[in-house]
Each structure stands twice: as C-alpha cells, then as structure tokens.
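Below, each chain spelled out in residue letters.
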Amino acid sequence: MDSPRVDMRFPIALRYLAALAFALLPWRAAAQEIEPRSYSNVPIGVNFLVAGAVQTRGGLSFDASVPITNEDLKTTSLVTGYARAFALWGQSAKFDVGVPYTRLSGSADYSGMPIERKVSGFGRPAMRLSVNFLGAPAMDMAGFKDWKQDLIVGASLQVAPPLGQYDPDRIVNIASNRWSFKPELGLSKASGPWITELKLAATFYTDNDAFYGGTTRSQDPLYALQGNLIRGLASGAWWSLDATYFAGGRSQVDGLHNRDLQQNWRVGASLSLPVDRRNSVKFAISSGVYARTGNEFDALAVTWQHRWGGGV
C-alpha cells in the first residue's frame, strides 16, 4: 500500500502544528520533562487531539523525591490530551490539558526494607496556559505561508491538581495527593532550518497531609533548565536533541528533612513525522545520565496527533 502523501503547500504549518500538539505529552509533569518546540508559533483556531504511550524503566519515574532506594520500577502510561491555539494580546497562545492512565510494577527499598508494588490507575491531570510575548504574531493558517521565525519569547503556567490513584497506606503510588504549579520562561531562536530553545522553570508543591504512616510530606521547589537543538525538514518532519538539568526538591516528612536533594541531568532525542495534512506521529527517548537522587530511569514514547479547525 502506498504511503500517505503530505500536502507540500503546508510544510511550515505542519511543523508548528506538530510541535504544539506533542507538547501535551511531556515525560513528566515536573522538572524532568523534556519537551522540544513548546514555544513555537502556531495558527490560531486549531484544535488538537493527542494520544500516546510512554514506558519508563529503572529509577523512580513519577515522584523522584520520595525517600526510597534501589528502585526497579516499570511504568506504562496511556496519555490523552486536548489543546487549542488562540490569539492573546496580538500573539499566539494555547491552552492544553492531558491525563495519563498508568500501570506501575516493580520493587524498591524503604528504610532498608524491600517492598513490591503493582497498581494501575489515573495519574494527575495537568492543565497549562502558554503565551508568546514576542516574535509569534497571531495568524491564521494562510499567514504561515510567508512567515519566518526569528526570536520568540514566551511563558507558561502548568497546574496539576491532587487527583489520580493514591493510597496513603502505600509508599509507592502513581499520583502524589498534592497540587503543583510550574511557571516557565522560554526563548526560541531560529537560524535557517535550525532552532535553538532555552527554558527556565520552577515547580512549586503544596503539602501532602495524607502521606504514608499518617504523616505530612512537604517539598521544596524544583528548578529546571532545558535546552533543545531542533532541525526542521522541508517535508514538515523535524528532529531534536534535548537536555535538561534540575536541582532542588528536597522533601520533609513531619518537618524532618530527607536526603533527597536533586542535582540531575537527563538527555533525549525526538523525531516527528507528518502522516498527512491532519495527522502526525512522534517518537522520543530519554535517559538519566547523572543522578544525585531519583533519576536513573529510561523512557520511550510514541504519540499520535490529529488536528482540525482553523483552516487545516
């Protein structure tokens, strides 16, 4: 059977559309996520539906500051999300929401004692508002034909409520029974087919007052710096090399500090391929290359995106 053909009148728009939709599927809802092209310009009025699968294996991959050791945990998540692009103050903006359903299994040591866990359930949903302040004018699909990126400056705020699977009688859970708030500042600079991105973020957490053993767990902010080198192709495909450093996030249980300060590096790579005018598929890998605490896991993801509206 012949492969679907991409409408070559829309290669630039396809790249930016794919970038927006795949931003719904970060590796994590905290500082360890690797997310290229999150501040690209996109046509207003376009809607996106995203579905994907993410698998991790190794060190703790859902809440790296929980004080357990010798983790050998595997998670398989099915993620669905929705996004819409719109105009705000004359620049492009977007709202997105996503929720994972996760199966977790494996073993770890807690206070020197081995524990095992098998559980399935919904993880915490995440909602985000992203706004470009400079260099990404609000345009319809037709405007992308002649538009070329230079420097884009933007910011976002991601909020995750205390929902999802959580059992206070278990130390290992999928969700963490707390709110988190993640403001981020992003820069995106184009030079020919290359785009360089730099993002600075901080994640703030409320207390979990139903932690294991009837205790209260709090956590310091987790700070992150991410860089992405992206190469766009004429067909609308693109690939990227990615790295992120995150630090902080030390936790306390009933006021007693844990030895879980994070100073960790992750690297990854992504490949996005247009299928046709309305659909794209993306493959991504990520791995911890240095971990002071809780980052020794590998991740593999594949996602599918469908878009409609806005003249697509």
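Okay, so let's go over this structure.

**Observations regarding the layout of surface pockets**
Its volume calculated, the second largest pocket comes out at about 190 Å³. Taken together, 16 residues make up the lining of the second largest pocket; nearest its centre are Ile115, Glu116, Arg170, Ile171 and Tyr212. Contributing elements (two or more residues each) for the lining of the second largest pocket: β3 (91–110) and β4 (113–122). The element best represented in the lining of the second largest pocket is β4, accounting for 5 residues. A class-by-class count of the residues in the lining of the second largest pocket yields 9 nonpolar, 3 polar and 4 charged.

**Describing the packing of aromatic side chains**
According to the stated counting rule, one finds 6 aromatic pairs in the structure shown. Between Tyr101 and Phe122, the aromatic rings sit 4.9 Å apart at their centres with planes inclined by 80 degrees, giving edge-to-face as the arrangement. You can see Tyr101 sitting in strand β3 and its partner Phe122 sitting in strand β4, a full 21 residues away along the chain. Aromatic pair Phe144 and Trp147: ring centres 5.9 Å apart, planes at 70 degrees, arrangement edge-to-face. Looking at Phe144, the relative accessible area reads 2%, which means it is buried. Lying over the aromatic face of Phe211, Arg217 brings its terminal NZ or CZ to 5.7 Å of the ring centre. For the cation-ring pair, Arg266 lies above Phe297, with the distance from its terminal atom to the ring centre recorded as 3.9 Å.

**A few points about the sheet that holds strand β10 (residues 215–219)**
Read from one edge of the open sheet, 4 strands run β9-β10-β13-β14, paired in antiparallel fashion. Each of the sheet's edge strands pairs with one partner strand only, and the pair in question is β9 (208–211) and β14 (256–257). By the bridge criterion, 2 bridges tie β9 to β10 in an arrangement that is antiparallel. Of the residues in β10, the one forming a bridge with Asn208 is Arg217.

**Considering the pattern of salt bridges**
If you walk through the whole model with that rule in mind, you get 5 salt bridges. Of the charged contacts in the structure, one is a salt bridge between Glu35 and Arg128, with a shortest N-O distance of 3.2 Å. Highlighted residues: Glu35 in the loop between α1 (11–22) and β1 (47–58) and Arg128 in strand β5 (residues 126–134), separated in sequence by 93 residues. On the basis of relative accessibility, which here comes to 4%, the residue Glu35 falls in the buried class. The shortest N-O distance in the salt bridge between Arg128 and Asp96 comes to 3.3 Å. Here Asp96 lies in strand β3 and Arg128 lies in strand β5, a separation of 32 residues in the sequence. Since its relative accessible area comes to 5%, Arg128 is described here as buried. Residues joined by salt bridges that share partners form a network here, namely Glu35, Asp96 and Arg128.

Calculation notes
Residues numbered from 1 in each chain as written. Predicted model: local features only at pLDDT ≥ 70, side-chain atom pairs only at ≥ 80, totals over all residues. Heavy atoms only, no water. 1 Å grid on protein atoms, 1.4 Å probe; cavity = no way out; pocket = protein on both sides within 12 Å on 5 of 7 lines; lining within 4 Å. Points joined across faces, edges and corners; volume = space filled by probe spheres on them. Helix = DSSP H or I, 4+ residues; strand = E, 2+ residues; numbered from the N terminus. Nonpolar A, V, L, I, M, F, W, Y, C, P; charged D, E, K, R; others polar. Phe/Tyr/Trp six-rings, centres within 6.5 Å; stacked < 30°, edge-to-face > 60°. Buried < 20%, exposed > 50% of the residue type's maximum accessible area, 1.4 Å probe, protein only. Lys NZ or Arg CZ within 6 Å of the ring centre and 35° of its normal. Pairing = 2+ DSSP bridges. Salt bridge = Lys/Arg side-chain N within 4 Å of Asp/Glu carboxyl O.

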